[in-house]
Amino acid sequence: MHREHEDMMRSDFHDRTTLAWQADRPGITNHEQRHLHAQVADYDQRWTAGPHATEWQYLTNALRDWQDRPDDMDSYLAVLDYQRRAFGQPEGVSETQWQSLVQAHNIAHEDRIRQRMHHPDRDLGLERWR
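Owing to the predicted nature of the structure, the values given are computational and were not obtained by experimental measurement.

Caption draft 1: Spatial organisation of the overall build of the chain. What the chain contains, in helices and strands, is five helices and zero strands. Reading the chain from its N terminus to its C terminus gives the helix and strand order α-α-α-α-α. Across its three principal directions, the C-alpha atoms of the chain cover 50 × 45 × 20 Å. Per-residue burial for the chain yields a buried fraction of 31% across its 130 residues. In the chain, the share of contacts with a sequence separation of at least 24, taken over all contacts with a separation of at least 6, comes to 60%. Summed over all atoms, the accessible surface of the chain reaches about 8,600 Å², with 50% contributed by carbon and sulfur. Charged side chains in the chain number 16 positive and 23 negative. The centres of these two groups are separated by 4 Å.

Here's what the structure looks like:
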């Protein structure tokens, strides 16, 4: 994947995620929510129909994994980070995949913070500090 395509993918994925978050805001109308979800679907369709569909899907799956299994993903990223520092390249992932794992980690972390702010009543399975 060329650098400029990767930069565009990362930017589009961030924009797509922001739109999905906006659709989850409290007080949003059904019409606004449908419009935002349609925009999210447009991003997904554009990338999954293009030459970099595999990379987009990897990034999408990585975000889902970070949201569903953050402890497992922390361990996985730590192993890959060690390999990267020790050997210059983590085993089994490309540089693009590595960057996708890191981006997905950052987005999932932002999402946990966002959910705590906007939905304090949800049980997010997060330890609460008193």
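Caption draft 2: Spatial organisation of the nonpolar core. Core analysis: the largest hydrophobic core is formed by 24 residues, its most contacted members being Phe13, Trp56, Leu63, Trp66, Leu101 and Ala104. Those elements that place two or more of their residues in this core are helix H1 (3–23), helix H2 (30–48), helix H3 (53–68), helix H4 (70–87) and helix H5 (95–118). Beyond its immediate chain neighbours, meaning those up to four positions away, Trp56 contacts Met9, Asp12, Phe13, Arg16, Tyr43, Asp44, Trp47 and Thr48.

Caption draft 3: Region of interest: the packing of H2 against H3. Between H2 and H3, the shortest axis-to-axis distance is 7 Å and the interhelical angle comes to 135 degrees. One way to sum up the angle between H2 and H3 is to call them oblique. Along its contact with H2, which presents Tyr43, Asp44, Trp47 and Thr48, the element H3 presents Ala53, Trp56 and Gln57. Class assignment of the residues belonging to the contact of H2 with H3 gives a composition of four nonpolar, two polar and one charged.

Caption draft 4: Summary view of H1. Its 21 residues give H1 an end-to-end C-alpha distance of 30 Å, which sits within 8% of 30 Å, the value for a rise of 1.5 Å per residue. Taken as a whole, H1 has its buried residues at Glu6, Met9, Arg10, Asp12, Phe13, Arg16, Thr17, Leu19, Trp21 and Ala23.

Caption draft 5: Just H3, in detail. Taking 1.5 Å of rise per residue, the 16 residues of H3 would be expected to cover 22 Å, and the 22 Å separating its terminal C-alpha atoms lies within 8% of that figure. Along H3, the residues classified as buried are Trp56, Leu59, Thr60, Ala62, Leu63 and Trp66. Down the axis of H3, the buried side of the element spans an arc of 155 degrees, and every buried residue falls inside it. Exposed residues pointing more than 90 degrees away from the buried face of H3 are listed as Thr54 and Asp68.

Caption draft 6: Just the packing of H1 against H2, in detail. Packing of H1 against H2 leaves a shortest axis separation of 8 Å and a crossing angle of 160 degrees. By the angle between their directions, the pair H1 and H2 is classed as roughly antiparallel. Crossing angle aside, the handedness with which H1 passes H2 is left-handed. Across the interface between the two elements, His5, Met8, Met9, Asp12, Asp15, Arg16, Leu19, Ala20, Gln22 and Ala23 from H1 touch Gln33, Leu36, His37, Gln39, Val40, Tyr43, Asp44 and Trp47 from H2. A class-by-class count of the residues in the contact of H1 with H2 yields nine nonpolar, five polar and four charged.

Caption draft 7: Expanded view of the side chain of Thr17. Positionally, Thr17 belongs in helix H1. What makes Thr17 buried here is its relative accessible area of 4%. Among the polar contacts made by the side chain of Thr17, one reaches the main-chain carbonyl oxygen of Phe13 at a distance of 2.8 Å. In this view, Thr17 contacts Leu63 and Ile107; residues no more than four positions away in its chain are not counted.

About the thresholds
Residues numbered from 1 in each chain as written. Predicted model: local features only at pLDDT ≥ 70, side-chain atom pairs only at ≥ 80, totals over all residues. Heavy atoms only, no water. Helix = DSSP H or I, 4+ residues; strand = E, 2+ residues; numbered from the N terminus. Buried < 20%, exposed > 50% of the residue type's maximum accessible area, 1.4 Å probe, protein only. Contact = heavy atoms within 4.5 Å. Areas by Shrake-Rupley, 256 points an atom, 1.4 Å probe, with all protein chains shown as cover. Lys, Arg positive; Asp, Glu negative; His and termini not counted. Charge placed at Lys NZ, Arg CZ, Asp CG, Glu CD. Core = buried A, V, L, I, M, F, W, Y, C linked by side-chain atoms within 4.5 Å. Axes fitted to C-alpha atoms, helices over the stretch in contact; angles between N-to-C directions. Parallel < 35°, antiparallel > 145°, perpendicular 65-115°, else oblique. Nonpolar A, V, L, I, M, F, W, Y, C, P; charged D, E, K, R; others polar. Expected span 1.5 Å × (residues − 1). Arc of directions from axis to C-beta. Left-handed = near helix turned anticlockwise from the far one by under 90°. Polar contact = N/O pair within 3.5 Å; in protein donor to acceptor, adjacent residues only side chain to side chain.

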